[in-house]
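Spelled out, the chains give:
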Amino acid sequence: MVPLADILFDGLPVLDLLEITPSTSVVAQITQRDQSSISRIYRQVSRRLGLEFRKQNDGRYRASANHVLLEGLRRSSQWMRLQTAPAAPRWLACGHAAEVSGAQQPTLVQHCGDPMQVERLLQERVLDLAVITRPSHAAPAAAADLLELPVLRHPGGIDLILLRRDLSDHQALQALIAAVQQQVRQHLRQHPEQEWLG
């Protein structure tokens, strides 16, 4: 049984990573645990908190109960990630954006869902920031609580940074945005035909 005190530090990150990846073996690799431990942890946390967290018919892991409790825990977890010294924002890069900024965080680069899934993970505070590629003709994010910061136009579309509006002034995320923008500027030196939008 996962002790209550460890749910926020050990259990919740496992649930979050399963929503991002969604694979117990990949989460085991990221957290440097064995796959059976990951399965045991998420089942114990789900049972202890009444979340009914499991793999759904679409192949993705999600909770189907006690959403208010999970929302509160994720808010606390996000606060801890961003307030620790040094801060440890959880973010990923997808598509063309992964080639440009992926060196910053290799562990989550290959685990992008569709853009709607990434937006949901940002809204639910599973992710703190995402760098995605959107086709030039695609509509912007429908969610009013998400902020889009375009950084690069290229033949495949537009690379942009997505984050929650209420986190846009957070020091840790501002530092991460600056690092991503610096990576894009370095990329532009090798690809001057692409357009800086930052």
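Look a little higher up for the structure.
In this text, all values refer to a predicted model and were calculated from it rather than measured experimentally.

What follows deals with the overall build of the protein. Counting secondary structure elements, the protein contains eight helices and seven strands. Buried positions account for 52% of the 198 residues belonging to the protein. A separation threshold of at least 6 residues defines the contact pool for the protein, and within that pool the share at least 24 residues apart is 57%. As displayed, the protein has an accessible area near 9,900 Å², and 52% of this comes from carbon and sulfur atoms.

Let us look at the packing of aromatic side chains. Considering all chains together, one arrives at three aromatic pairs under this definition. Seen in terms of ring centroids, Tyr 42 and Tyr 61 are 5.4 Å apart; in terms of plane orientation they differ by 75°. Their pairing is edge-to-face. Pair noted here: Tyr 42 is in helix H3 (residues 35-49) and Tyr 61 is in strand S2 (residues 61-62), with a separation of 19 residues, a long-range link. For Tyr 61, a relative accessible area of 7% translates into the label buried. When the ring of Phe 53 is compared with that of Tyr 61, the centres are 5.9 Å apart and the planes differ by 15°; the resulting orientation is stacked. An aromatic cluster is built from Tyr 42, Phe 53 and Tyr 61, whose rings are joined through pairwise contacts.

So, on to the environment of Tyr 61. Residues Tyr 61 and Pro 22, 39 residues apart in the sequence, show an inter-C-alpha distance of 6.3 Å. Those residues in contact with Tyr 61, other than ones at most four positions away along the chain, are Leu 18, Glu 19, Pro 22, Ser 23, Thr 24, Tyr 42, Phe 53, Arg 54 and Lys 55.

Judged by nonpolar contacts, the single largest core of 35 residues is most densely connected at Leu 18, Phe 53 and Val 118. Sorting the residues of this core by element identifies helix H1 (4-20), helix H2 (24-31), H3, helix H4 (67-83), helix H7 (115-123), strand S4 (129-134) and strand S6 (157-164) as the ones contributing at least two each. What Leu 18 contacts, discounting residues up to four positions off in sequence, is Ser 23, Thr 24, Val 27, Ile 38, Tyr 42, Phe 53 and Tyr 61. Of all hydrophobic cores here, the second largest spans 21 residues; its members include Leu 82, Trp 91, Leu 167 and Val 184.

Once that is clear, we can look at the sheet that holds S6. The strand order across the open sheet formed by five strands is S3-S4-S6-S5-S7, and the pairing between neighbours is mixed. The outermost strands of the open sheet, each flanked by one partner alone, are strand S3 (91-93) and strand S7 (195-196). For S3 and S4, the ladder comprises three bridges, and the chain directions are parallel. In the strand pairing of S4, Trp 91 is matched with Leu 129. Contacting S3, S4, strand S5 (146-154), S6 and S7, helix H8 (residues 171-190) runs over the sheet at an angle of about 10° to S5.

The next subject is H2. Listing the buried residues of H2 in full gives Thr 24, Val 26, Val 27 and Ala 28. Positive backbone phi, approximately 60°, marks Gln 32, located one or two places after H2.

A few words on H8. Look at H8: 30 Å from first C-alpha to last across 20 residues, which is about the 28 Å you get at 1.5 Å a residue. Looking only at H8, the buried set comprises Ala 172, Leu 173, Leu 176, Ile 177, Val 180, Gln 181, Gln 183, Val 184, His 187 and Leu 188.

Once that is clear, we can look at the pairing of S5. Bridge count for S5 against S6 is eight bridges, and the pairing is antiparallel. Opposite Arg 153, over in S6, you have Ile 158 as the bridge partner. Taken together, S5 and the strand that follows it, S6, pair antiparallel across an intervening segment of two residues. Of the strand pairs in this sheet, S5 and S7 are connected by two bridges, and their pairing is antiparallel.

Criteria and cut-off values
Residues numbered from 1 in each chain as written. Predicted model: local features only at pLDDT ≥ 70, side-chain atom pairs only at ≥ 80, totals over all residues. Heavy atoms only, no water. Helix = DSSP H or I, 4+ residues; strand = E, 2+ residues; numbered from the N terminus. Buried < 20%, exposed > 50% of the residue type's maximum accessible area, 1.4 Å probe, protein only. Contact = heavy atoms within 4.5 Å. Areas by Shrake-Rupley, 256 points an atom, 1.4 Å probe, with all protein chains shown as cover. Phe/Tyr/Trp six-rings, centres within 6.5 Å; stacked < 30°, edge-to-face > 60°. Core = buried A, V, L, I, M, F, W, Y, C linked by side-chain atoms within 4.5 Å. Pairing = 2+ DSSP bridges. Axes fitted to C-alpha atoms, helices over the stretch in contact; angles between N-to-C directions. Expected span 1.5 Å × (residues − 1).

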